[in-house]
Amino acid sequence: MNVPMLDLAAEYRDLEAELSGAIGKVFASGRFILGPEVEALEREVAGYLGVAHAVAVASGTDALHLALRAAGIGPGDDVVTPSFTFIAAAEAVSHAGARVVFADIDPATYNLDPAAFEAAITPATRAVIAVHLFGQTADLAAISAICARRGLRLIEDCAQAIGADFDGRRAGAWGALGCFSFYPTKNLGAYGDAGMVVTNDPGLADSVRMLRHHGSRTAYRHEVIGYNSRLDELQAAILRVKLKRLERWNARRREHAALYRRLLAGAPFGLPAEHRRGAHVYHQFTVRAPMRDALRDQLAARGVASAIYYPLPVHWQPVYGAEPGKLSLPASEQAAREVLSLPIYPQLTEAQVRRVCEALAAAAAQARVR
Ligand SMILES: *Cc1c(COP(=O)(O)O)cnc(C)c1O
């Protein structure tokens, strides 16, 4: 029995009839960019998250970039962000013309360490991008308190955490702006690129709306230099079909995580820690193993897929020019050496989870993980 990282074809088989109806309606309407499906999706996502405004954009990366610009962040400003994550948050800061200041993570949760965030604040710091990595929010109470005390904007990167919450408030509803990705492999995925910015501030929502459409509020009147970052009706129609299943799918991911935990208890791997102040949506189930690369090869030989998110911390990426040793973020650097993400997705079966764990046990023996 082979186990892939993800099975989007199986998901499609379950939804085929409903999706065909939804996209057929769009084809027949003749409206393809920013129409009724996008507006309905914005209303539904805002309702689901408990926020006042949602603005659909072309990708999660654009969501971050437009959020920063709407917040007025640009040249001369510093923005703090964790280094152990996907590059998009740092990239968005650079595109906005601001300087990225990398801070270290809490090694237990892989999320921004509030103390490291506070220590990274400079006189030029205007904002922090808190990334909710692998499906669990960062410590939003501590990070929000620092932002309030130091007069900084909190922007949330919720690309991996749609539906997660902290103290009963959902990811995206804590910050000045929350940014989502609907990249196909995310917990809520489109059939192409898509993203969204959410906020409770009508002024910020208005700015993002203007920026996504060439800096224009009214047709052919352009107030700022904006972008073409609109969402199309087909993706919105597809996302609306899937949004109805999101709660059930996230619950299923939690069930798989619980089974992994049970089966891997006592195994020589570090299991992902939960902060226990809200739901984890298990975008990834990530273990730690000192002999990670050997383990991964052994798993592959047994037909079990696994993935490394992320092999190189962002402060070590060639584009950020920091050769190892220049800036030291030990928790991020160690995580990059040790993490291994196992298959977790709603359509995974209990038998497949068991197969992964058997393969892990055999692989660990072979790789001589102590
Ligand atoms: C996927 C992802 C993004 C970027 O989203 P895109 O839609 O691919 O542009 C940003 N941040 C994190 C943490 C992600 O996982």
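Residues numbered from 1 in each chain as written. Predicted model: local features only at pLDDT ≥ 70, side-chain atom pairs only at ≥ 80, totals over all residues. Heavy atoms only, no water.

Considerations on the confidence of the model for the protein
Then step 1. Residues of the protein with pLDDT of at least 70 account for 98%, and the chain-wide mean is 96.
Then step 2. Of all helices and strands in the protein, the one with the weakest mean pLDDT is helix α12 (residues 350-367) (93), whereas strand β5 (residues 153-157) scores best (99). (pLDDT = per-residue confidence, 0-100. Helix = DSSP H or I, 4+ residues; strand = E, 2+ residues; numbered from the N terminus.)

A few points about the packing of helix α10 (residues 292-301) against α12
Packed helix pairs are characterised by how far apart their axes lie and by the angle those axes make with each other.
Then step 1. In contact at an axis separation of 8 Å, α10 and α12 are set at 125° when each is read in the N-to-C sense. It follows from the interaxial angle that α10 and α12 lie oblique. The interaxial crossing formed by α10 with α12 has right-handed handedness. In contact with A294, L295, Q298 and L299 of α10, α12 contributes V356, A359, L360, A363, A364, Q366 and A367.
Then step 2. The residue makeup of the contact of α10 with α12, split by class, is 9 nonpolar, 2 polar and no charged. (Axes fitted to C-alpha atoms, helices over the stretch in contact; angles between N-to-C directions. Parallel < 35°, antiparallel > 145°, perpendicular 65-115°, else oblique. Left-handed = near helix turned anticlockwise from the far one by under 90°. Contact = heavy atoms within 4.5 Å. Nonpolar A, V, L, I, M, F, W, Y, C, P; charged D, E, K, R; others polar.)

Focus: the nonpolar core
Nonpolar side chains in soluble globular proteins tend to be buried together.
Then step 1. Residues L68, V79, F84, Y110, I129, L177 and V208 are the most contacted members of the largest nonpolar core, which totals 43 residues.
Then step 2. Of all the elements in the fold, those that place two or more residues in this core are β1 (53-57), α3 (60-70), α4 (88-95), β3 (99-103), β4 (125-131), β8 (177-181), α7 (202-212) and α11 (330-338).
Then step 3. Sorting elements by how many residues they give to this core places α3 first, with 6 residues.
Then step 4. Looking at this core, you find at least three residues from each of domain 1 (8-103 + 110-243) and domain 2 (246-369).
Then step 5. In terms of nonpolar packing, the next biggest core, distinct from the first, is built from 29 residues, V38, V45, L243 and V281 among them. (Core = buried A, V, L, I, M, F, W, Y, C linked by side-chain atoms within 4.5 Å. Buried < 20%, exposed > 50% of the residue type's maximum accessible area, 1.4 Å probe, protein only. Domains from an automatic or database assignment.)

Notes on the site of the ligand
Then step 1. Around the ligand, the surrounding shell holds 13 residues, and the nearest of these are G60, T61, D157, S181 and K186.
Then step 2. A distance of 2.6 Å separates an oxygen atom of the ligand from a polar atom in the side chain of S181.
Then step 3. The protein chains hide 92% of the 380 Å² of surface that the ligand would expose on its own.
Then step 4. A breakdown of the residues in the shell around the ligand according to their chemical character gives 5 nonpolar, 6 polar and 2 charged. (Near = heavy atom within 4 Å. Polar contact = N/O pair within 3.5 Å; in protein donor to acceptor, adjacent residues only side chain to side chain. Areas by Shrake-Rupley, 256 points an atom, 1.4 Å probe, with all protein chains shown as cover.)

Some details on the pattern of salt bridges
Then step 1. What the rule picks out here adds up to 23 salt bridges.
Then step 2. As a salt-bridge pair, R209 and E42 come within 3.4 Å of each other at their nearest N and O atoms. Of this pair, R209 sits in helix α7 while E42 sits in helix α2 (residues 36-49), and the two are 167 residues apart along the sequence.
Then step 3. Assessed through its relative accessible area of 31%, R209 is described here as partly exposed.
Then step 4. Linked by salt bridges that have partners in common, K25, E37, E44 and R240 make up one network. (Salt bridge = Lys/Arg side-chain N within 4 Å of Asp/Glu carboxyl O.)

Some thoughts on the environment of V356
Then step 1. With respect to the helices and strands, V356 occurs in helix α12.
Then step 2. Residue classification places V356 among the buried residues on the basis of a relative accessible area of 0%.
Then step 3. Taking the C-alpha atoms as reference, V356 lies 22 Å from T109; in sequence the two are 247 residues apart.
Then step 4. Excluding its chain neighbours within four sequence positions, the residues that come into contact with V356 are V3, Y260, L299, V304, L342 and P343.

As for the domain arrangement of the protein
Then step 1. According to the domain assignment, the protein contains domain 1 (8-103 + 110-243) and domain 2 (246-369).
Then step 2. Here the C-alpha centre of domain 2 lies 25 Å away from the C-alpha centre of domain 1.
Then step 3. Taken together, the contact between domain 1 and domain 2 spans 39 residues of the former and 33 residues of the latter.
Then step 4. Buried surface at the junction of domain 1 and domain 2, both sides included, amounts to about 3,100 Å², of which 58% is carbon and sulfur. (Buried area = accessible area lost by both parts, 1.4 Å probe.)

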